[in-house]
Amino acid sequence: MNCDKFKDECGVLGIFSKTSRNLSRRVAFGLISLQHRGQESAGIAAYDEGKVRHYKEMGLVQDVFDNDILDGLTGTISVGHVRYSTTGESHVSNAQPLVINYRGGSIALTHNGNLVNADKIRDKLEISGSIFQTSIDTEVIANLIAKNYSLGFKESILKTVREIKGAFALVIVCEGKLIGIRDPNGLRPLCIGKLPDGGLVLSSESCALDVVGAELVRDVKHGEMVIIDENGIESIIYDDSQRVAHCIFEYVYFARPDSVIDGVSVSSSRRCAGKTLAQEHPVEADIVIAVPDSGIDAAIGFAQESGIPYGIGLIKNKYIGRTFIQPDQESRELAVRLKLNVLKENVKGKRVVVVDDSIVRGTTSRKIVDALKKAGATEVHMRVSSDSVKFPCFFGIDTPNRQQLVGSSKSVDEVRDLIGADSLGYISVKGLLASVGKTNCDMCTACFDGDYPMDVPEEVDKLMFE
């Protein structure tokens, strides 16, 4: 709903247990903790004695599943998915898990990410006779696995992931095994957890491990496939030739602050970014406020470093779904006011620093600044805990095209004038990387500098693939 933000990706979760057959209920709770990664659809598939049952529908997890549905999804393996359609139309046929039947049995496949060569592979598969039921690139992956299945499940999956290009974290159920795969650059996150009974969990974020009662073991490595069964974890490094390029926006915005991704606390990295932001762009002010929720940690860090008191200035209505329909400009403006409202007594007569995680188009930032000044703020200084976004993402994040990214066509001063702020400061890429404890050799910062970790298409049809 917030047009000044990148849209979330998807969330994947899988559990294997030798002792429990009621895993889907646990998966459902884990998916709720990953709901921030996708609110359009939810689905769960369960493997039980060679059969895969699944259910998926449009909506939030708690709206899609009830006790009766979950009771029917028993098995020793369960996988789940929450979706935001980065590409591919938003309807139930594109929801996941994607379950396909082939001569060897059934595969349940969940995917977070985006393939940059899906259209080419799909064309080849269709020419050879493959039939597609969806518009998502997850089905391209599934068809490749099925096509190669005469090689055996392990080799068919390895051959598939060596052919596809792009960003992907995959959680698959196949032949009684739970399989997790991370792309060769590690763009999309995936971690492993262990349950007290010895069961094993795969998840997009560690916050879901906490909910299902698992302890974080480690992150899946870039270019790694892990195969989980009754014997434990088998690790296969299928491609170690690519540079590590974890997505910087996981730390800036996407991940929950209580997650740890690739060994880095998201909350700590955001507070550190806020402190660096205060060093790089100091200002005299009376109060520091955040644009909730992802700006809160950075705002606290800014306040700690600057000595300016932190306070609540914007109240977020937490009961608005991100699929809220906005058919015209007036409705979109009303939606912004509905989602964020100013706590007037905290900002009236004060010089206010507003800390946000990013500015994409600039439209919401302009409305926030205007609302604060109407509420009596004497000055509004915008501080942003990411650099200016100048380039679109091709790796599973729904971003506008470059022409719509305000940072690609306007200078900092021009953006400041556009949003009506008294001053504007972005954290530097160097400062942002330092806050994560990484270098540009470890992270993908292409949205800031255009340095993509792989070749990307000049144009992508948003409605063609996910």
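Nothing here was measured: the structure is a model prediction, and the numbers come from that model.

Visitor: With reference to specific residues and values, describe the overall build of the protein.
Guide: Secondary structure assignment for the protein yields 17 helices and 23 strands. Within the protein, buried positions represent 59% of all 466 residues. Taking as baseline every contact in the protein between residues at least 6 positions apart, the subset at least 24 positions apart corresponds to 71%. With the model as given, the accessible surface of the protein reaches about 18500 Å², and the carbon-plus-sulfur share is 49%.

Visitor: Before we move on, can you summarise the sheet that holds strand S11 (residues 215-219) with the specific residues and values?
Guide: As summarised here, the arrangement of the 7 strands in space is S3-S2-S4-S1-S10-S9-S11, forming an open sheet in which the pairing is antiparallel. Single-partner strands in this sheet number two, and they are strand S3 (51-58) and S11. For this sheet, the mean angle separating the axes of adjacent strands, direction not counted, is 15°. Relative to strand S4 (residues 77-83), strand S2 (residues 41-48) runs antiparallel, the two sharing 7 bridges. Residue pairing across strands places Tyr47 opposite Ile77, the latter belonging to S4. Running over the sheet, helix H1 (residues 23-33) touches strand S1 (10-16), S2 and S4 and is turned about 25° from S4.

Visitor: Which residues make up the side chain of Asp183, and what values go with them?
Guide: Here Asp183 is to be found in the loop between strand S8 (177-182) and strand S9 (191-194). In terms of polar contacts, Asp183 uses its side chain to reach the backbone amide nitrogen of Arg188, at 3.4 Å.

Visitor: An account of the side chain of Glu205 is needed here, citing residue identities and associated values.
Guide: Of note, Glu205 is situated in the loop between strand S10 (200-203) and helix H7 (206-212). Within the structure, the side chain of Glu205 is placed 2.8 Å from the side chain of His36, a separation counted as a polar contact.

Visitor: Give a detailed account of helix H9 (residues 266-280), specifying residues and quantitative values.
Guide: In this model, H9 (15 residues) spans 21 Å end to end at C-alpha, consistent with the 21 Å of a helix rising 1.5 Å per residue. Among all positions of H9, only Val266, Ser267, Ser269, Arg270, Ala273, Gly274, Thr276, Leu277 and Ala278 are buried.

Visitor: An account of the environment of Ile32 is needed here, citing residue identities and associated values.
Guide: Relative to the helices and strands, Ile32 resides in helix H1. Expressed as a C-alpha distance, the spacing of Ile32 and Gln62, which sit 30 residues apart in the sequence, is 7.4 Å. If near-sequence neighbours (up to four positions away) are discounted, Ile32 is found in contact with Val61 and Gln62.

Visitor: Lay out the packing of helix H4 (residues 118-127) against helix H5 (residues 138-147) in plain terms, naming residues and giving numbers.
Guide: Two elements in contact, H4 and H5, have axes separated by 10 Å at closest approach and are oriented at 45°. The angle between H4 and H5 falls in the class oblique. Here the hand of the crossing between H4 and H5 comes out left-handed. Of the residues in H5, those touching H4 at Ala118, Ile121, Arg122 and Leu125 are Val140, Asn143, Leu144 and Lys147. Split by residue class, the contact of H4 with H5 holds 5 nonpolar, 1 polar and 2 charged.

Visitor: Give a description of helix H16 (residues 429-436) that names residues and reports values.
Guide: Among the residues making up H16, those that are buried are Gly431, Leu432, Leu433, Ser435 and Val436. Residues of H16 that are buried in the fold lie against helix H8 (249-254), strand S16 (264-265), H9, strand S23 (443-444) and helix H17 (446-449). At the exit of H16 stands Gly437, carrying a positive phi of roughly 75°.

Visitor: Account for the sheet that holds strand S21 (residues 379-384), naming residues and giving values.
Guide: Pairing in this open sheet of 4 strands is parallel, and the strands run S17-S20-S21-S22 from one edge to the other. On the outer flanks of this sheet lie strand S17 (287-290) and strand S22 (423-426), each paired with one strand and no other. In this sheet, adjacent strand axes meet at a mean angle of 20° when their direction is disregarded. The pairing of strand S20 (residues 351-356) with S21 spans 6 bridges and is classified as parallel. The residue bridging Val353 from the neighbouring strand is His381, located in S21. Here helix H10 (residues 296-306) sits on the sheet in contact with S17, S20 and S21, set at roughly 165° to S17. Along the sheet face, helix H15 (residues 412-419) touches S21 and S22 and points at about 130° away from the line of S22.

Visitor: Talk me through the packing of aromatic side chains; I want residue IDs and the actual numbers.
Guide: Applying the stated criterion across every chain yields a total of 6 aromatic pairs. Seen in terms of ring centroids, Tyr253 and Phe254 are 5.4 Å apart; in terms of plane orientation they differ by 55°. Their pairing is tilted. On the accessibility criterion, Tyr253 (13% relative accessible area) is buried. Ring plane angle 75° and centroid distance 6.2 Å describe the contact between Phe395 and Tyr452, whose orientation is recorded as edge-to-face. Here Phe395, found in the loop between S21 and helix H14 (406-409), pairs with Tyr452, found in the segment after H17; they are 57 residues apart in sequence, far enough to count as distant. For Phe395, a relative accessible area of 1% translates into the label buried. We classify Tyr452 as buried; its relative accessible area is 18%. Cluster of aromatic residues (ring-pair linked, three or more members): Phe249, Tyr253, Phe254 and Phe448.

Visitor: Run through the pattern of salt bridges, naming residues and quoting values.
Guide: Applying the stated criterion across every chain yields a total of 20 salt bridges. Of the charged contacts, one joins Glu205 and Arg37 as a salt bridge, the two residues approaching to 2.7 Å between their closest N and O atoms. Here Glu205 is found in the loop between S10 and H7, whereas its partner Arg37 is found in the loop between H1 and S2, with 168 residues between them in sequence. Grouping residues by exposure puts Glu205 and Arg37 together as buried. Measuring nitrogen to oxygen at the nearest pair gives 3.2 Å for the salt bridge that ties Lys374 to Asp370. One end of the pair is Lys374 and the other is Asp370, both in helix H13 (residues 363-374) and 4 residues apart, which spans about a single turn. For Lys374, a relative accessible area of 69% puts it in the exposed group. Given a relative accessible area of 38%, Asp370 falls into the partly exposed group. A cluster of three or more residues bridged by salt bridges with shared partners is formed by Arg37, Arg188, Glu205 and Glu250.

Parameters at a glance
- Residues numbered from 1 in each chain as written.
- Predicted model: local features only at pLDDT ≥ 70, side-chain atom pairs only at ≥ 80, totals over all residues.
- Heavy atoms only, no water.
- Helix = DSSP H or I, 4+ residues; strand = E, 2+ residues; numbered from the N terminus.
- Buried < 20%, exposed > 50% of the residue type's maximum accessible area, 1.4 Å probe, protein only.
- Contact = heavy atoms within 4.5 Å.
- Areas by Shrake-Rupley, 256 points an atom, 1.4 Å probe, with all protein chains shown as cover.
- Pairing = 2+ DSSP bridges.
- Axes fitted to C-alpha atoms, helices over the stretch in contact; angles between N-to-C directions.
- Polar contact = N/O pair within 3.5 Å; in protein donor to acceptor, adjacent residues only side chain to side chain.
- Expected span 1.5 Å × (residues − 1).
- Parallel < 35°, antiparallel > 145°, perpendicular 65-115°, else oblique.
- Left-handed = near helix turned anticlockwise from the far one by under 90°.
- Nonpolar A, V, L, I, M, F, W, Y, C, P; charged D, E, K, R; others polar.
- Phe/Tyr/Trp six-rings, centres within 6.5 Å; stacked < 30°, edge-to-face > 60°.
- Salt bridge = Lys/Arg side-chain N within 4 Å of Asp/Glu carboxyl O.

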